[in-house]
Amino acid sequence: MYKFISFLFILLLYTSLVVAQGHQRNISPEMRAKFEAQKISYITQQLDLSPEDAQQFWPLYNEMQRKNQTIHDEFRELFTSLKRDSLNLLESELSRISDRIADLKVEEAKMERDYHYKFKKVITAKQILDLHLAEKQFQRMLLRKLRGHGQGNGNRGRR
């Protein structure tokens, strides 16, 4: 019972943080919160996290996700400006954008490495590897749901 209550508390806390962030893409905040809650549940199950591990793991994971989102937002801004103004940009501006994209990729790789070692202090190496698999599996499931959403029953026979 304690494990269930702890899990619910963490789930509610995380969901409220997601809704509070209110990223305005093509998904409503309510739908985003629903997906995030499903992701927490899925990853927690796949990693078989104890309540104690979950209390240490999820704040680290959320911190990593926020930093990762910041990097991806900058990627998006760079590519949007490049797409919008590519014909009007000087070579020096294109070079600056190209350099920044390379720097962001390095920054992202360093962040992943740093969090790998932070996670090793909280969960096992097997759980870290399971995390990578669970994230990919959840992304695939989410994409299937999003593709199927609004398409009626057209996906019935497909697999």
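This text goes with the structure placed above it.
Scope of this entry: the structure provided in the associated data block. Positions within a chain are numbered from 1, following the residues in the order the chain's sequence is written. Residues qualify for local features only when their pLDDT is at least 70, as the model is predicted, and side-chain atom pairs are given and counted only at 80 or more; totals for whole chains, interfaces and linings, by contrast, use all residues. To obtain the side-chain values, all non-hydrogen atoms of the structure were included, while hydrogens and water were left out.

### Comments concerning helix H3 (residues 51-85)
At step 1: Put simply, DSSP marks the helices as runs of H or I at least four residues long and the strands as runs of E at least two long, and each gets a number from the N terminus on. How far a helix is expected to stretch is found by multiplying one less than its residue total by 1.5 Å. Across its 35 residues, H3 extends 50 Å between first and last C-alpha, which sits within 8% of the 51 Å expected from 1.5 Å per residue.
At step 2: Approximately 25° is the largest bend angle found in H3, and it occurs at Phe 57, with the proline Pro 59 only one to four residues beyond. Working definition for bend: take the seven residues up to and ending at a residue and the seven starting at it, fit an axis to each, and measure the angle between the axes.

### Some details on the packing of helix H2 (residues 29-47) against helix H5 (residues 125-148)
Two packed helices can be described by the angle between their axes and the distance between those axes.
At step 1: It is the contact of H2 with H5, at a shortest axis distance of 9 Å, that shows an interaxial angle of 145°. Relative to H5, the crossing made by H2 is right-handed. Here H2 contributes Phe 35, Gln 38, Lys 39, Tyr 42, Ile 43, Gln 46 and Leu 47 to the contact with H5, which in turn contributes Gln 127, Asp 130, Leu 131, Ala 134, Glu 135, Gln 137, Phe 138, Met 141, Leu 142, Lys 145 and Leu 146.
At step 2: Split into classes, the residues belonging to the contact of H2 with H5 amount to 10 nonpolar, four polar and four charged. Between N-to-C directions, angles cover 0 to 180 degrees, with each direction set by a line fitted to C-alpha atoms, over the stretch in contact for helices. In this scheme, a crossing is called left-handed if the near helix is turned counterclockwise away from the far one by less than a right angle; it is called right-handed if the turn is clockwise. We call two residues in contact when some of their heavy atoms are within 4.5 Å. For this scheme, ten residues count as nonpolar: Ala, Val, Leu, Ile, Met, Phe, Trp, Tyr, Cys and Pro. Four count as charged, namely Asp, Glu, Lys and Arg, and the remainder, Gly too, count as polar.

### Re the side chain of Glu 135
At step 1: Within the element layout of this structure, Glu 135 appears in helix H5.
At step 2: Remark: exposure states derive from per-residue accessible area (1.4 Å probe, protein chains only) relative to the maximum for the residue type, with buried under 20%, exposed over 50%, and partly exposed in between. Here Asp and Glu are counted as negative and Lys and Arg as positive; His is not counted, and neither are the chain ends. Here, a salt bridge means any Lys or Arg side-chain nitrogen found within 4 Å of an Asp or Glu carboxyl oxygen. There is no salt bridge for the buried Glu 135, and the closest opposite charge comes from Lys 39, which lies 4.9 Å off by N-O distance.
At step 3: In this view, Glu 135 contacts Ile 43, Tyr 61, Met 64 and Gln 65; residues no more than four positions away in its chain are not counted.

### Points about the packing of aromatic side chains
At step 1: Note on ring pairs: Phe, Tyr and Trp rings are taken, using the six-membered ring of Trp, and paired if centres are within 6.5 Å. Classes follow the plane angle, with under 30 degrees stacked, over 60 edge-to-face and the rest tilted. Here the structure, examined in full by the defined rule, presents seven aromatic pairs.
At step 2: Seen in terms of ring centroids, Phe 57 and Phe 119 are 5.3 Å apart; in terms of plane orientation they differ by 40°. Their pairing is tilted. With Phe 57 in helix H3 and Phe 119 in helix H4 (residues 91-120), the pair connects residues that are 62 residues apart, well separated along the chain. Just as Phe 57 is buried, Phe 119 falls in that class too.
At step 3: Ring geometry for Phe 75 versus Phe 79: centroids 6.4 Å apart, planes at 20°, classification stacked. With a gap of four residues between them, Phe 75 and Phe 79 both fall in helix H3, about one helical turn apart.
At step 4: Following the ring pairs from residue to residue traces out a cluster consisting of Phe 57, Trp 58, Tyr 61, Tyr 115 and Phe 119.
At step 5: The cationic tip of Lys 118 hangs over the ring face of Tyr 115; the distance from NZ or CZ to the ring centre is 4.4 Å. A ring is scored as having a charge over it whenever the NZ atom of a lysine or the CZ atom of an arginine sits within 6 Å of its centre and within 35 degrees of its normal.

### Describing the pattern of salt bridges
At step 1: By the definition in use, this model includes seven salt bridges.
At step 2: Asp 85 serves as the salt-bridge partner of Arg 84, at 3.5 Å between the closest nitrogen and oxygen.
At step 3: We note a salt bridge from Glu 107 to Arg 100, for which the minimum N-O separation is 3.6 Å.
At step 4: Connected via shared salt-bridge partners are Glu 74, Arg 100 and Glu 107.

### Structural notes on the nonpolar core
At step 1: Here, nonpolar core refers to any group of buried Ala, Val, Leu, Ile, Met, Phe, Trp, Tyr and Cys residues whose side-chain atoms link them within 4.5 Å. Counting 26 residues, the largest nonpolar core has Ile 43, Phe 57, Trp 58, Tyr 61, Phe 119 and Ile 123 as the members making the most contacts within it.
At step 2: Considering every element that reaches this core, the biggest residue donor is H3, with nine residues.
At step 3: With residues near it in sequence (within four places) discarded, Ile 123 still touches Leu 47, Leu 49, Phe 57 and Ile 128.

### A closer look at H2
At step 1: Here H2 contains 19 residues, and its C-alpha end-to-end distance of 26 Å stays within 8% of the 27 Å for a straight helix at 1.5 Å per residue.
At step 2: Buried within H2 we find Arg 32, Ala 33, Phe 35, Glu 36, Ala 37, Lys 39, Ile 40, Tyr 42, Ile 43, Thr 44 and Leu 47.
At step 3: Downstream of H2 by a residue or two, Asp 48 has a phi angle that is positive, lying close to 50°.

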